[in-house]
Amino acid sequence: MAGAGISTPSGIPDFRTPGSGLYSNLEQYNIPYPEAIFELAYFFVNPKPFFTLAKELYPGNYRPNYAHYFLRLLHDKGLLLRLYTQNIDGLERVAGIPPDKLVEAHGTFATATCTVCRRKFPGEDFREDVMADKVPQCRVCTGVVKPDIVFFGEELPQRFFLHVTDFPTADLLLVIGTSLEVEPFASLAGAVRSSVPRVLINRDLVGPFAWQQRYNDVAQLGDVVAGVRKVVELLDWNEEMQTLIQNEKEKHPLGDAFLFVAV
Ligand code: APR
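Only a predicted model underlies this, so the values are computations on that prediction, with no experimental measurement involved.

Engineer: Can you help me understand the UniProt feature "active site" (unreviewed entry) in the chain in this one?
Structural biologist: UniProt feature "active site" (unreviewed entry): in the numbering of this structure it lies at His106. In this structure, His106 sits in the loop between strand S2 (102-104) and strand S3 (107-114). In this structure, His106 is in contact with Thr85, Gln86, Ile88, Asp148, Ile149, Val150, Val182 and Phe185, ignoring residues within four places of it in sequence.

Encoded structure:
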């Protein structure tokens, strides 16, 4: 289970860290209260604040960091049953985790839907508009097109319901970089069997790790990259992580700076 805390080392602010989190820095968007930026009722009145944020978060501006590549290595080793992420930055895909192993529970910029005729489009079709501060319009009915980011009150993607079989069969749960504040995602942390160890890698204790601990819970508190490095150390996977990161660096030379700044 992943949240915005795995992407802060890549330079993307999280939501709730006081001072640096997105919800503490929305004055520029001139909205009535922070969560309005992800509310449909407000979006239909004024989509501009959301698209200003979308311009910042649109895939392509940031690179995965060490934490993302650890999750990729779990996949490469055949150990990743599924990655449930709340993040909309798409960095799990960029890190090479295949879509069938991913549940992007709060949606993605990879696709977009017209809010009037409901036609679906590739998100790429509107990158230019978003970067040019233009509200994307449907090519067919001229309605406003909204990236498939899940707004408060909207249904989560169908794939989210894979949890019904994934969590009861998991034999280890990693919870990384999330405040576990938002439902129904947060409740997944309690959906693994009581015999299954749960490992939190986060700055602070959150959710059931704080108020409903189990005998076999483990909390690796502090910086997320340092915490993931500790796990890599304990698993003796340093070599493999460096090889993976080196290969990714060769594949994405332009991302070089970010890759090495972040890791
Ligand atoms: N190292 C360790 N922990 C970190 C780091 C870091 N570098 N950066 C952030 N964190 C921790 C924060 O302390 C916090 O506990 O990650 C967590 C991030 O929590 P949030 O900002 O609430 O982000 P998230 O849990 O992903 O939010 C969930 O809220 O508004 C909605 O849809 C939005 O998907 C988002 C959802």
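Engineer: Just to check I follow, could you spell out the UniProt feature "binding site: Zn(2+)" (unreviewed entry) in the chain for this structure?
Structural biologist: Under the feature "binding site: Zn(2+)" (unreviewed entry), the UniProt entry names Cys114, Cys117, Cys138 and Cys141. The greatest C-alpha distance among the residues just named is 8.5 Å, despite their covering 28 residues of sequence, which places them together in space. Mapping Cys138 onto the fold places it in the loop between helix H5 (127-131) and strand S5 (145-149). The exposure class assigned to Cys138 is buried, which follows from its relative accessible area of 4%. When residues no more than four places from it in sequence are discounted, the contact partners of Cys138 are Cys114, Cys117, Phe121, Gly143 and Val145. Relative to the elements of secondary structure, Cys141 occurs in the loop between H5 and S5. Classification of Cys141 as partly exposed rests on a relative accessible area of 26%.

Engineer: What's the story with the nonpolar core in this structure? I'm lost.
Structural biologist: Note on soluble globular proteins: their nonpolar side chains tend to be buried together. Within the largest apolar cluster, 30 residues are counted, with the highest numbers of intra-cluster contacts made by Phe38, Phe50 and Phe109. Those elements that provide at least two residues to this core are helix H1 (40-45), helix H2 (48-57), S3 and S5. The element best represented in this core is H2, accounting for five residues. Look past the residues within four positions of Phe109 in its chain and what remains in contact with it is Phe50, Ala54, Leu57, Tyr58, Pro59, Ile88, Gly123, Pro147 and Ile149. Within the second largest apolar cluster, 27 residues are counted, among which are Ala2, Ala67, Leu71 and Val228.

The rules we used
- Residues numbered from 1 in each chain as written.
- Predicted model: local features only at pLDDT ≥ 70, side-chain atom pairs only at ≥ 80, totals over all residues.
- Heavy atoms only, no water.
- UniProt positions renumbered as here; feature names shortened; annotations may be inferred.
- Helix = DSSP H or I, 4+ residues; strand = E, 2+ residues; numbered from the N terminus.
- Contact = heavy atoms within 4.5 Å.
- Buried < 20%, exposed > 50% of the residue type's maximum accessible area, 1.4 Å probe, protein only.
- Core = buried A, V, L, I, M, F, W, Y, C linked by side-chain atoms within 4.5 Å.

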